[in-house]
Amino acid sequence: MNWRYAVKRMNGAKVPQEKINNILEATRLSASSMGLQPYTIIVVENEELRHKISPVAFNQPQIKEASHLLIFAAWDDITEQHIDDFINNVAETRGVPATGLAEFRNKMLGHTQGMTKEQRHQWAARQAYIAFGTAIAAAASEAVDATPMEGFNGPALDELLGLNEKGLRSVTLLPLGYRDEENDFLAKAQKVRRSKEDLFLELA
């Protein structure tokens, strides 16, 4: 974590597929409330598509210079069908009858359906951020640079990629690649963070 930083320029080198797979698998295994994972992570390696995405990300150079671009897109809504699909996945994975998960299902429905549609989306977006953080840390563990991004036109990106039709809304972007040490003004800069004494508050 001392090594990583939000890279401002990348050198265009490709990240080996094994490293990409490891980052994606760590992200798949990320924590999520109730285990639901109400988001989809879009993996964009195609250079032509990344060039199309660049203008809606305010032409930040990492979009084009990266090896891969991850787009974290939260579900636009969380429906009863989503809950049932999740319960069926739990039942199949753990080899238990779905009927035995009825209480858990009802708790999930009570939690999600007690919100408005927009509140459900915002909750899903917060879950996506947990996976986003996991992906950043996983990239660092693979010595792969990453640039967390919120600076982009979400509705324009959603339209470009047809995400609305898929029930998704983009939340964050994560270009993956390798730092361009000659052209990135932060490449050799000292990392700045709050001190432990300032950041952490211990209550007796």
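Read on for a plain summary of the structure. (Residues numbered from 1 in each chain as written. Predicted model: local features only at pLDDT ≥ 70, side-chain atom pairs only at ≥ 80, totals over all residues. Heavy atoms only, no water.)

1. What to know about the sheet that holds strand β4 (residues 168–177)
The strands making up a sheet are joined through hydrogen bonds of the backbone, oriented either antiparallel or parallel. Read across the open sheet, the four strands follow the order β1-β2-β4-β3; overall the sheet is antiparallel. A strand with exactly one partner marks an edge of an open sheet, and here the two such strands are β1 (39–44) and β3 (145–146). Pairing analysis gives six bridges linking β1 to strand β2 (residues 68–75), with the strands arranged antiparallel. The residue bridging Thr40 from the neighbouring strand is Ala73, located in β2. Sheet strands in contact with helix α1 (residues 17–28) are β1, β2 and β4, and its direction is about 20° off that of β2. (Pairing = 2+ DSSP bridges. Helix = DSSP H or I, 4+ residues; strand = E, 2+ residues; numbered from the N terminus. Contact = heavy atoms within 4.5 Å. Axes fitted to C-alpha atoms, helices over the stretch in contact; angles between N-to-C directions.)

2. What about the environment of Ile130?
Summarising the element assignment, Ile130 is placed in helix α6 (residues 117–141). Since its relative accessible area comes to 38%, Ile130 is described here as partly exposed. Separated by 52 residues in the primary sequence, Ile130 and Ile78 have C-alpha atoms spaced 17 Å apart. Setting aside anything within four residues of it in sequence, one finds Ile130 in contact with Ser30 and Ala31. (Buried < 20%, exposed > 50% of the residue type's maximum accessible area, 1.4 Å probe, protein only.)

3. Points about the packing of aromatic side chains
Under the criterion given, the structure shown has three aromatic pairs. On the basis of an interplanar angle of 70° and a centroid distance of 6.2 Å, the ring pair of Phe86 and Phe104 is categorised as edge-to-face. Linking Phe86 in helix α4 (residues 80–94) with Phe104 in helix α5 (residues 102–113), this pair joins segments that are 18 residues apart in sequence. You can call Phe86 buried: its relative accessible area is 13%. Ring centres of Tyr129 and Phe132 lie 5.9 Å apart, and the angle between their planes is 85°; on these two criteria the pair is classed as edge-to-face. A residue pair is termed a helical-turn pair when its members lie 3 or 4 positions apart in one helix, as Tyr129 and Phe132 do in helix α6 at three residues. Of the residues examined, Phe132 reaches a relative accessible area of 6% and is grouped as buried. By the ring-pair criterion, three or more aromatic residues cluster together here, those being Phe72, Tyr129 and Phe132. Sitting over the ring of Trp3, Arg179 keeps its end group 4.1 Å from the ring centre. (Phe/Tyr/Trp six-rings, centres within 6.5 Å; stacked < 30°, edge-to-face > 60°. Lys NZ or Arg CZ within 6 Å of the ring centre and 35° of its normal.)

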